Amino acid sequence: MWLKLFFLLLYFLVLFVLARFFEAIVWYETGIFATQLVDPVALSFKKLKTILECRGLGYSGLPEKKDVRELVEKSGDLMEGELYSALKEEEASESVSSTNFSGEMHFYELVEDTKDGIWLVQVIANDRSPLVGKIHWEKMVKKVSRFGIRTGTFNCSSDPRYCRRRGWVRSTLIMSVPQTSTSKGKVMLKEYSGRKIEVEHIFKWITAHAASRIKTIYNAEHLKEEWNKSDQYWLKIYLFANLDQPPAFFSALSIKFTGRVEFIFVNVENWDNKSYMTDIGIYNMPSYILRTPEGIYRYGNHTGEFISLQAMDSFLRSLQPEVNDLFVLSLVLVNLMAWMDLFITQGATIKRFVVLISTLGTYNSLLIISWLPVLGFLQLPYLDSFYEYSLKLLRYSNTTTLASWVRADWMFYSSHPALFLGTYLGHGLLIDYFEKKRRRNNNNDEVNANNLEWLSSLWDWYTSYLFHPIASFQNFPVESDWDEDPDLFLERLAFPDLWLHPLIPTDYIKNLPMWQFKCLGIQSEEEMSEGSQDTENDSENENTDTFSSEKEVFEDKQSIFPNSPGRASHCDAEACSCANKYCQTSPYERKGRSYGSYNTSDMEPDWLIWPADMLHCTECVICLENFENGCLLMGLPCGHVFHQNCIVMWLAGGRHCCPVCRWPSYKKKQPYAQHQPLSNDVPS
């Protein structure tokens, strides 16, 4: 997880540097920046109208270019970035769709239950033609969609009873706006009563109703009273302009941020005394001023702060976010981080997508589960101070120059999704290249695995999870799996609880203590024959080969199971030179078998090389053979000792417990108190 988070932060850094690189290229080729002001005089009449349409100002009664230019200047300064965004939005708005309502419930869910937006619905009465023709309706949809106004068509033929109850006996236009200034309040439906069925007149009707919800100030006394008043709103944004009504984007934002930000329009068109505005620091017209408890912030002085809906929306969201905004942001970040698994995972293509789907499901589930206590935590009544300090920290951090760069980059990449996805894919391919190179240097075999090999290993894992051998019902070693023995499947059905046994990884076997069994000579060297020395040398050579082959068991699980089913140990009982002894502290006893007693003429085991927490014994209870001098031994956390090959085969077969005491082989245990060596025992 931390590796994916690191790669995601690195990707964001690459995006930031790439955006600065693009700005440098534009400056080198044209000599302008996105924040550079544009003189409206140098623009064509078509571009001026595009700017007015993006800001939401009507120009139907202004036939001259001079009047249109003055209206652009009255609504705010124009930057190069805003001009570029407006022209691109003009091209992108060609493919705007409208909703067709199927009935009363559909209309209620989308229109009447929407508390923070505006809907424009064309109602078509039974056996009547629509009020707005198809061509004009498409223009209307294109025009109002710039400001987040959603559109739809309700045909009364689909639900005539609802139309009669509403009184829609003729084709008309319905507009829904929030009725109160509180968040998630009731909505009211307004019907268009104008005679002129033209796009500009309908748009003026919409903007007039939206602007009526904005508090308007017409004199200095009212401004002074409002400026010094303290109420529930922590954020207030003022528009000082010489306009009849605020732009449509300003009115649309006032509805979108209902209950969070208060929008105030100061009409200075007929003011004689503007001294108070100078006292509060307002020198230029028009001005967008954000009033916060920390002070005054002039919108438009930093990068990306354009006079448009998208720019001001991202600015206000960063200062006063909703819980839903934070959830969507966390959802995007978590999924971007999860998709990194597609490039970090090496091996077969199917394996990559299986791991990706698993990661996406896990991360999204954890995200939703994590948000549930957070939502409950935010509902506590004693967190007002915490909430206030958190918003204050957001206001301090998001009014900096760095935050304005981040917002500008967000708007740039959101308007160019192909560039965003392309850079993400390129970043992922670089991660895949370096990760593959690193694993090849570590001689990791999974890099070269193909789809069939991985699917085969996945099937083996799945079958081992469902049908791994049961120690209580089968003898060791296991000679066949469930494919060769269908009775195992029936045996599972007879004991349903056994299906729930978890699959325990065998990686812990590598960490179990392992050493060689050695004996100390008690007899004199003259009594040692030359033949026995040769036998010991041969045995040491054989055990050396055994030791090297046993180390491969941990690297390749397939080498754990030998080809011969009768083979249980690398030790030869006939060549063993150690005496048969009782397992000194083992409580496990086998019926019908007697252990040999200690003989002073035999060689004694070297207990000094044994780990301190291992119990002393000279026999493996799995294969029932004595330990040979030079044999490889392995101990479990409970302290019992076995042949390394025997216990590895036991554990790899699914029996993750000690054969003697049934203590879990992967769980630590307090060590036994050490007994004295067998040499101190008095022989009988």
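Remember, it's a predicted structure, so these values are computed and weren't measured experimentally. (Residues numbered from 1 in each chain as written. Predicted model: local features only at pLDDT ≥ 70, side-chain atom pairs only at ≥ 80, totals over all residues. Heavy atoms only, no water.)

**Considering the packing of helix α8 (residues 199-211) against helix α10 (residues 248-256)**
A packed helix pair is summarised by two numbers, namely the angle formed by the two axes and the spacing between the axes.
Phase 1 of the analysis: Contact pair α8 / α10: the axes reach a minimum separation of 9 Å and the direction vectors enclose 50°. As judged from the angle between their axes, α8 and α10 are oblique. Handedness of the crossing formed by α8 with α10: left-handed. Contacts between α8 and α10 involve Phe203, Thr207, Ala210 and Ala211 on the former and, on the latter, Ala248, Ser251 and Ile255.
Phase 2 of the analysis: Looking at the contact of α8 with α10 residue by residue, the class counts come to 5 nonpolar, 2 polar and no charged. (Axes fitted to C-alpha atoms, helices over the stretch in contact; angles between N-to-C directions. Helix = DSSP H or I, 4+ residues; strand = E, 2+ residues; numbered from the N terminus. Parallel < 35°, antiparallel > 145°, perpendicular 65-115°, else oblique. Left-handed = near helix turned anticlockwise from the far one by under 90°. Contact = heavy atoms within 4.5 Å. Nonpolar A, V, L, I, M, F, W, Y, C, P; charged D, E, K, R; others polar.)

**Quick notes on the packing of aromatic side chains**
Phase 1 of the analysis: For the coordinates displayed, the defined rule picks out 36 aromatic pairs.
Phase 2 of the analysis: When the centroid spacing of 5.6 Å and the interplanar angle of 70° are considered together, the rings of Phe107 and Phe154 count as edge-to-face. Taken as a pair, Phe107 in helix α5 (residues 104-112) and Phe154 in strand β3 (residues 150-155) lie far apart in primary sequence, 47 residues in all. As far as burial versus exposure is concerned, Phe107 and Phe154 are alike and both buried.
Phase 3 of the analysis: With a centroid separation of 6.4 Å and an interplanar angle of 70°, the aromatic rings of Phe343 and Tyr424 are classed as edge-to-face. With Phe343 in helix α14 (residues 341-344) and Tyr424 in helix α18 (residues 417-441), this residue pair connects regions lying 81 residues apart in the sequence. Residue Phe343 shares its accessibility class with Tyr424, and that shared class is buried.
Phase 4 of the analysis: In this structure an aromatic cluster arises from ring pairing among Phe249, Phe250, Phe263, Tyr288, Tyr297, Tyr299 and Phe315.
Phase 5 of the analysis: For Arg20, the ring lying beneath its charged end belongs to Phe16, and the centroid distance is 4.8 Å.
Phase 6 of the analysis: When the ring centre of Trp405 is taken as reference, the NZ or CZ atom of Arg20 above it lies at 5.5 Å. (Phe/Tyr/Trp six-rings, centres within 6.5 Å; stacked < 30°, edge-to-face > 60°. Buried < 20%, exposed > 50% of the residue type's maximum accessible area, 1.4 Å probe, protein only. Lys NZ or Arg CZ within 6 Å of the ring centre and 35° of its normal.)

**Structural notes on the sheet that holds strand β5 (residues 187-191)**
Phase 1 of the analysis: Strand order in this open sheet of 5 strands is β1-β3-β2-β4-β5, and the pairing throughout is mixed. Only two strands of the sheet have a single partner each, and these edge strands are β1 (99-101) and β5. Strand after strand, the sheet turns through a mean of 25° between neighbouring axes, direction not considered.
Phase 2 of the analysis: Direction of pairing for strand β2 (residues 119-124) relative to strand β4 (residues 172-178): antiparallel, over a ladder of 5 bridges. Within β4, the position partnered with Leu120 by the bridge is Met175.
Phase 3 of the analysis: Contacts from α5 reach β1, β2, β3, β4 and β5, with the element oriented near 135° to β1.
Phase 4 of the analysis: Helix-sheet contacts for α8 involve β2, β4 and β5, and the interaxial angle to β4 is about 25°. (Pairing = 2+ DSSP bridges.)

**Concerning the sheet that holds strand β10 (residues 295-299)**
Phase 1 of the analysis: Across the sheet, 5 strands lie side by side as β6-β8-β7-β9-β10; this open sheet has mixed pairing. Only two strands of the sheet have a single neighbouring strand rather than two, namely β6 (215-217) and β10. Sheet twist, expressed as the average angle between the axes of neighbouring strands with direction ignored, equals 25°.
Phase 2 of the analysis: In the sheet, strand β7 (residues 235-241) pairs with strand β8 (residues 261-267) via 7 bridges, with the strands oriented parallel. By the bridge assignment, Leu239 is partnered in β8 with Phe265.

**Focus on the nonpolar core**
Phase 1 of the analysis: Judged by nonpolar contacts, the single largest core of 63 residues is most densely connected at Ile206, Phe263 and Met312.
Phase 2 of the analysis: Residue contacts for Met312: discarding those within four places in its chain leaves Ile237, Phe249, Phe250, Leu253, Tyr288, Tyr299 and Phe306.
Phase 3 of the analysis: Cys617, Cys623, Leu636 and Phe642 belong to the second-largest nonpolar core, a separate cluster that totals 30 residues. (Core = buried A, V, L, I, M, F, W, Y, C linked by side-chain atoms within 4.5 Å.)

**Quick notes on the UniProt feature "transmembrane region" (unreviewed entry) in the protein**
Phase 1 of the analysis: Sites flagged by UniProt as "transmembrane region" (unreviewed entry) map to residues 326-344, 353-378 and 410-431.
Phase 2 of the analysis: Helix makes up 89% of residues 326-344 and strand 0%. Its end C-alpha atoms lie 27 Å apart.
Phase 3 of the analysis: Regarding residues 410-431, the helix share stands at 95% and the strand share at 0%, and the terminal C-alpha atoms are separated by 23 Å. (UniProt positions renumbered as here; feature names shortened; annotations may be inferred.)

**Some remarks on the packing of helix α1 (residues 2-30) against helix α13 (residues 323-338)**
Phase 1 of the analysis: Remark: α1 packs on α13, axes separated minimally by 9 Å, with the N-to-C direction vectors making an angle of 110°. With respect to each other, α1 and α13 are oriented roughly perpendicular. Seen from α1, the contacting residues are Lys4, Leu5, Leu8 and Phe12; seen from α13, they are Leu333, Leu336 and Met337.
Phase 2 of the analysis: Residue composition of the contact of α1 with α13, by class: 6 nonpolar, no polar and 1 charged.

**Here we look at the environment of Gly304**
Phase 1 of the analysis: By the secondary structure assignment, Gly304 is in the loop between β10 and α12 (309-319).
Phase 2 of the analysis: On the accessibility criterion, Gly304 (7% relative accessible area) is buried.
Phase 3 of the analysis: Those residues in contact with Gly304 that sit more than four places away from it in its chain are Thr35, Ala311, Ala408 and Met411.

**Describing the state of the cysteines**
Phase 1 of the analysis: Applying the stated rule across the entire model yields 1 disulfide.
Phase 2 of the analysis: Between Cys156 and Cys163 runs a disulfide, and the two sulfur atoms are separated by 2.1 Å. With the S-S bond torsion at -95°, the cross-link from Cys156 to Cys163 turns out left-handed.
Phase 3 of the analysis: Free cysteine: Cys661, not disulfide-bonded; nearest cysteine sulfur from Cys638 at 3.6 Å.
Phase 4 of the analysis: Accessibility expressed as a relative area gives 28% for Cys661, which makes it partly exposed. (Disulfide = S-S within 2.5 Å.)

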